[in-house]
Amino acid sequence: LMMSLTPSRGCLLDLPWEDILVPHILCHLPLQQLLSLQRVSKSFQSLIQLYLANMRCFDSSQIGPPIPRAAFVNLLKDNEVLQQLALQNCSDWLTDRELLPVIGQNHHLHHIQLKGCAQLSRHALVAISLSCPNLRWLSLAHCEWVDSLSLRSLADHCKALEAVDLTACRQLKDEAICYLVQKCSRLKSLSLAVNANVGDVAVEEIAKCCPELEHLDLTGCLRVKNDSIRVLAEYCPKLRSLKVKHCHNVAESSLSILRSRGVELDVEPPLQRALVLLQDVVGFAPFINLQI
């Protein structure tokens, strides 16, 4: 870089910015290094701003420590072409105020990761549903602010969804899940893990509405029973993996059909299953720890 800045040899910045530097050079540098490069000169600052405005993918984990709110807003203020946005575990600083402007000006987003963003509200999901009609992949794991009304908005406007992670979205009940799968029949991957409100009604509707389903995570869905698993086996011929760990009402009698088809099953070992059943009987088992 220092050699390229030598006048006799020409300057890196002499290369065409939009045709060469942005698409063929800067795209190979980590985001954190690009942000540091802004401090070299005003010209480099302008170049990086041009890159940020044309960036297709933003992943907060590439920057390192939590991003100051003002810095995040400044990074994406001119970008209207984002396709992928990953902001997982940004609960320390990310609120609707920072996220909504980014969502509102980026209508090409098809991949959004908001896992663990606890300070957002249902308005964030409504904004996503209204601004991102081509959304295919969405993670809302551990976002307990997700409710049935905001999920209904998502289902009404984002019918191209193929993968949704609703792990530990504990406000959601069978009715909300049924509405989602009725509208989004292209789903291939769905996680409803750690939700005690999800039961057989939702699982049966998933099976009947989503023939392309390949992955289903029901870990810790204690109300799911054998009958809905049998329906799943009947209606989902493309199913490749099913997680039913800690679903102590699901037995081998319903899983055997899927097992014979080569479906990958995630079931706790027999001893652990026995302990879960003991907990169900006596109502207390402090040694059992469910973590997702």
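Residues numbered from 1 in each chain as written. Predicted model: local features only at pLDDT ≥ 70, side-chain atom pairs only at ≥ 80, totals over all residues. Heavy atoms only, no water.

- You'll find the protein entered in an unreviewed UniProt entry as F-box/LRR-repeat protein 15, with Nestor notabilis given as the organism.
- UniProt, in its Subcellular location (unreviewed entry) section for the protein, records the words "Cytoplasm". (UniProt positions renumbered as here; feature names shortened; annotations may be inferred.)

### So, the packing of aromatic side chains
Consideration 1: For the structure on display, the rule yields two aromatic pairs.
Consideration 2: Taken together through their ring pairs, the aromatic side chains of Phe 58, Phe 72 and Trp 93 make up a single cluster.
Consideration 3: Directly above the ring of Tyr 179 sits Arg 152, whose terminal nitrogen or CZ lies 3.9 Å from the centroid. (Phe/Tyr/Trp six-rings, centres within 6.5 Å; stacked < 30°, edge-to-face > 60°. Lys NZ or Arg CZ within 6 Å of the ring centre and 35° of its normal.)

### With respect to the pattern of salt bridges
Consideration 1: The tally for this structure, following the rule as stated, stands at nine salt bridges.
Consideration 2: Close ionic contact of Asp 78 with Lys 77 constitutes a salt bridge, the shortest N to O distance being 2.9 Å.
Consideration 3: Note that Glu 212 and Lys 238 form a salt bridge whose closest N and O atoms lie 2.6 Å from each other. Here Glu 212, found in the loop between α9 (200–209) and β7 (215–217), pairs with Lys 238, found in the loop between α10 (226–235) and β8 (241–243); they are 26 residues apart in sequence, far enough to count as distant.
Consideration 4: We classify Glu 212 as partly exposed; its relative accessible area is 30%. (Salt bridge = Lys/Arg side-chain N within 4 Å of Asp/Glu carboxyl O. Helix = DSSP H or I, 4+ residues; strand = E, 2+ residues; numbered from the N terminus. Buried < 20%, exposed > 50% of the residue type's maximum accessible area, 1.4 Å probe, protein only.)

### So, helix α11 (residues 252–260)
Helical periodicity: at 3.6 residues per turn, an α-helix aligns residues three or four positions apart in one direction.
Consideration 1: Buried within α11 are the following residues: Ser 254, Leu 255 and Leu 258. Relative to the axis of α11, the buried residues are bounded by an arc of 90 degrees and lie together on one face.
Consideration 2: Where α11 is buried, its residues meet α10, β8 and β9 (264–266). (Arc of directions from axis to C-beta. Contact = heavy atoms within 4.5 Å.)

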